[in-house]
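Chains, contacts and geometry: an overview
One-letter residues, chain by chain:
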Amino acid sequence: KRMFPTLSKSEANEAIIKGDRVANTSAKTALKFYKCALKYSVFKYAKALYKQKKWRQFSPLIDLLKEENPQNAEVSLMIAKFYEFYDDNVRSIQAYKEALIFSDSPSLLIECSKLYMNTDKYLSSLLLNRSINCDSTNPNVIIRSMIELINNKKYDDVFSIAFRTQKSIKFLAKSFKK
């Protein structure tokens, strides 16, 4: 295995900045920068691992992430996805619940509504409705909600939200052409 150097705080900050610069173009390179600065940036390193679904490397960081980032919805969501990958539904649901306590972002609400789709349809529809109410004009939120509603054959609900933006109307038209 390749050994990474121990960096001073200023060197670590520079590595983090470089990692941020290349994160969109080369996730592997960004991961290496973040790993060099691990002592100062557990969150960025964990997030890079999460995006690449490197769950074995992500696993030992969970307790440290919780400790360093208490009440952080993004951390709770990453941990929920980790447990979901390993089919640990009890821990996954607990992490999703924590994420909902810390945030009510539309994308998080949609993720959680998917989780409850099979077990609690009422809760799932409440979460979808909440996501639409939080950001009722964002076409991406509307379209993601429409997809979930179409998957559950709730066509009346799809039509009630579809006409909020031009983009969602076009999406609706394409969906029913198929």
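These remarks concern the structure in this document.

Taking 1.5 Å of rise per residue, 14 residues should cover 20 Å, and helix 1 (residues 9–22) covers 20 Å from first to last C-alpha, within 8% of that figure. Restricting attention to buried positions, one finds in helix 1 the residues Ala12, Ala15, Ile16 and Gly19. Seen along its axis, helix 1 keeps its buried residues to an arc of 100°; they face one direction. Away from its buried face, by an angle of more than 90 degrees, helix 1 presents the exposed residues Ser10 and Arg21. The inward-facing, buried residues of helix 1 abut helix 2 (27–36) and helix 3 (42–51).

Taken as a whole and judged by the stated rule, the model has four salt bridges. Residue Glu74 pairs with Lys47 through a salt bridge whose shortest N-O separation is 2.8 Å. Residue Glu74 is found in helix 6 (residues 73–85), and its partner Lys47 is found in helix 3; the two are separated by 27 residues along the sequence. Lys47 sits in the partly exposed class, given a relative accessible area of 26%.

What follows is about the environment of Ser103. Summarising the element assignment, Ser103 is placed in the loop between helix 7 (89–102) and helix 8 (106–116). By relative accessible area, Ser103 is classed as partly exposed at 21%. The sequence separation of Ser103 and Asn72 amounts to 31 residues, and the corresponding C-alpha distance is 8.1 Å. Apart from the residues lying within four places of it in its own chain, the contact partners of Ser103 are Ala73 and Leu108.

Taken together, the buried positions of helix 3 are Val42, Tyr45, Ala46, Ala48 and Leu49. Taken down its axis, helix 3 places every buried residue within 160° of arc, on the same side. Among the structural elements, helix 2, helix 4 (55–58), helix 5 (62–68) and helix 6 are those in contact with the buried residues of helix 3. Where helix 3 ends, the next residue or the one after it, Lys53, has phi of about 55°, a positive value.

Turning our eyes to something else, we now look at unusual backbone geometry. Most of the time, phi is negative for any residue but glycine, and the peptide bond is trans. Positioned with a positive phi, Lys53 is a non-glycine residue whose angle comes to about 55°. Relative to the helices and strands, Lys53 is located in the loop between helix 3 and helix 4. Given a relative accessible area of 58%, Lys53 falls into the exposed group. A positive phi angle is found at Gln71, which is not glycine, with a value near 60°.

Conventions adopted
Residues numbered from 1 in each chain as written. Predicted model: local features only at pLDDT ≥ 70, side-chain atom pairs only at ≥ 80, totals over all residues. Heavy atoms only, no water. Helix = DSSP H or I, 4+ residues; strand = E, 2+ residues; numbered from the N terminus. Expected span 1.5 Å × (residues − 1). Buried < 20%, exposed > 50% of the residue type's maximum accessible area, 1.4 Å probe, protein only. Arc of directions from axis to C-beta. Contact = heavy atoms within 4.5 Å. Salt bridge = Lys/Arg side-chain N within 4 Å of Asp/Glu carboxyl O.

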